[in-house]
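Observations on chain architecture
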Amino acid sequence: MSLYSAGVEYGIHCLTFLVDELGDSREASVRDLADLQGVPQEYLAKVFTKLAKAGLVAATEGVRGGFKLARPADEISVLDIVTAIDGRKMIFECRDVRDRCALFEGSPPSWAQEGTCSIHAVMLTAQKRMEEALAQQTILDIARRVGRKAPPEFSTQLVNWMSDRRAGKTIGDIPVVDIS
């Protein structure tokens, strides 16, 4: 079982598609982003509601309205997205097992209960490091990583696909041929 929901993955992917490797924002509808990635549109709409509420995306107006980044891509961290979609999640819940040791016969001594549980302290450190790592990575970092990995034509294909969708030149994923 994963710690974070599928919505976190969908959200990060979507925000990555809303920015190019230079950090310039793109605009897209939830429907287009869902179709582009093959993810459920209804679920993605709920994800975008959370992202908008957190101030990470802003709705655009008009017939072809959609969403764009509400802040520069280098100011939106992965932790911002995770927190917006799933809230703050702890990776460990201490159940104070140390208090139930059979040797204490139901009455744990003060030394056993003193301070933070040693195991919980390790897990709190892990939580802190994980959140620091997520906070250090931005959407722009991810977009640049994808840009370095993908062939140059992928970026052009993506821009063309999104432009065609915005211009109403496709039905689903099928280009509309102009026969006039």
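The rules behind each value
All residue numbers refer to position in the chain's written sequence, counted from 1. At least 70 in pLDDT is required for a residue's local features to be given in this predicted model, at least 80 for side-chain atom pairs to be given and counted, and no such filter applies to totals for whole chains, interfaces and linings, which use all residues. Note that the side-chain values use all heavy atoms of the structure and ignore hydrogens as well as water. Axes, fitted as lines to C-alpha atoms, cover a helix only where it is in contact. Angles between the N-to-C directions of the axes lie from 0 to 180 degrees. In DSSP terms, a helix is any run of H or I states spanning at least four residues, a strand is any run of E spanning at least two, and both are numbered starting from the N terminus. Each angle receives one of four descriptions, namely roughly parallel if under 35 degrees, roughly antiparallel if over 145, roughly perpendicular if within 65 to 115, and oblique otherwise. Any two residues whose heavy atoms approach within 4.5 Å at even a single point are treated as in contact. Residue polarity is assigned by list, with Asp, Glu, Lys and Arg as charged and Ala, Val, Leu, Ile, Met, Phe, Trp, Tyr, Cys and Pro as nonpolar; anything else, Gly included, falls into the polar class. Here the term buried applies to any residue with accessible area under 20% of the maximum for its type, exposed to any over 50%, and partly exposed to those in between, with areas from a 1.4 Å probe on protein chains only. Throughout this description, the term nonpolar core refers to a set of buried Ala, Val, Leu, Ile, Met, Phe, Trp, Tyr and Cys residues connected via side-chain atoms within 4.5 Å. Under the convention used throughout, the expected extent of a helix is 1.5 Å for every residue step, that is, one less than its residue count. By construction, the arc corresponds to the directions joining the helix axis to the C-beta atoms. For Phe, Tyr and Trp, where Trp contributes only its six-membered ring, two rings pair if their centres lie within 6.5 Å, and the inter-plane angle classes them as stacked under 30 degrees, edge-to-face over 60, or tilted in between.

Quick notes on the packing of helix α1 (residues 6-17) against helix α3 (residues 41-53)
- Where α1 contacts α3, the axes come no closer than 10 Å and their chain directions differ by 75°. Judged on the interaxial angle alone, α3 and α1 are roughly perpendicular. Packed against α1, whose contacting residues are Ala6, Gly7, Tyr10, Gly11, Cys14 and Leu15, the element α3 presents Tyr43, Leu44, Val47, Phe48 and Leu51 at the interface.
- When its residues are assigned to classes, the contact of α1 with α3 shows 9 nonpolar, 2 polar and no charged.

Focus on helix α4 (residues 78-86)
- Extensive coverage of α4 is indicated by the burial of 7 of its 9 residues.
- Burial in α4 covers these residues: Val78, Leu79, Ile81, Val82, Ala84, Ile85 and Asp86.
- Tucked inside the fold, the buried residues of α4 contact α1, α3, α6 (118-136) and α7 (139-149).
- Once α4 finishes, Gly87 follows within two positions and takes phi at roughly 75°, a positive value.

Regarding the nonpolar core
- Counting residues in hydrophobic clusters, the biggest one holds 37 residues, and the most contacted among them are Leu15, Leu18, Leu33, Leu44, Phe48, Leu51 and Ile81.
- Taken together, the elements giving at least two residues each to this core come down to α1, α2 (30-37), α3, β2 (67-69), α4, α7 and α8 (152-166).
- With sequence-adjacent residues up to four places away left out, Ile81 is seen in contact with Gly11, Ile12, Leu15, Leu51, Leu56, Ile76 and Ile139.

Some words on the side chain of Glu131
- Of note, Glu131 is situated in helix α6.
- Its relative accessible area of 15% is what places Glu131 among the buried residues.

Topic: α6
- The terminal C-alpha atoms of α6, which comprises 19 residues, lie 27 Å apart, in line with the 27 Å expected from a rise of 1.5 Å per residue.
- All of the buried residues in α6 are Gln127, Glu131 and Leu134. Mapping the buried residues of α6 onto a view down its axis gives an arc of 60°, with all of them on the same face. For α6, the exposed residues lying more than 90 degrees away from the buried face are Ser118, Val122, Lys128, Arg129 and Gln136.

Here we look at the environment of Ile81
- Among the secondary structure elements, Ile81 is positioned in helix α4.
- Among the residues examined, Ile81 registers a relative accessible area of 0% and is labelled buried.
- Considered as a pair, Ile81 and Met162 are 81 residues apart in the sequence and their alpha carbons are 23 Å apart.

Side note on unusual backbone geometry
- The backbone of Asp96 sits at a positive phi, close to 50°, despite the residue not being glycine.
- Note on placement: Asp96 falls in the loop between α4 and α5 (110-113).
- Although it is not a glycine, Glu105 adopts a positive phi angle of roughly 50°.
- Checked against the element boundaries, Glu105 lands in the loop between α4 and α5.
- A residue is classified by how much of its surface remains accessible, and Glu105, at 75% relative accessible area, is exposed.

Things to note about the packing of aromatic side chains
- The final tally for this structure, using the stated rule, is 3 aromatic pairs.
- Summarising the aromatic geometry, the rings of Tyr10 and Tyr43 are spaced 5.7 Å apart at their centres and angled 85° between planes, so their arrangement reads as edge-to-face. Pair noted here: Tyr10 is in helix α1 and Tyr43 is in helix α3, with a separation of 33 residues, a long-range link.
- A centroid spacing of 5.8 Å and a plane angle of 85° characterise the contact between Phe104 and Trp111, whose relative ring orientation is edge-to-face.

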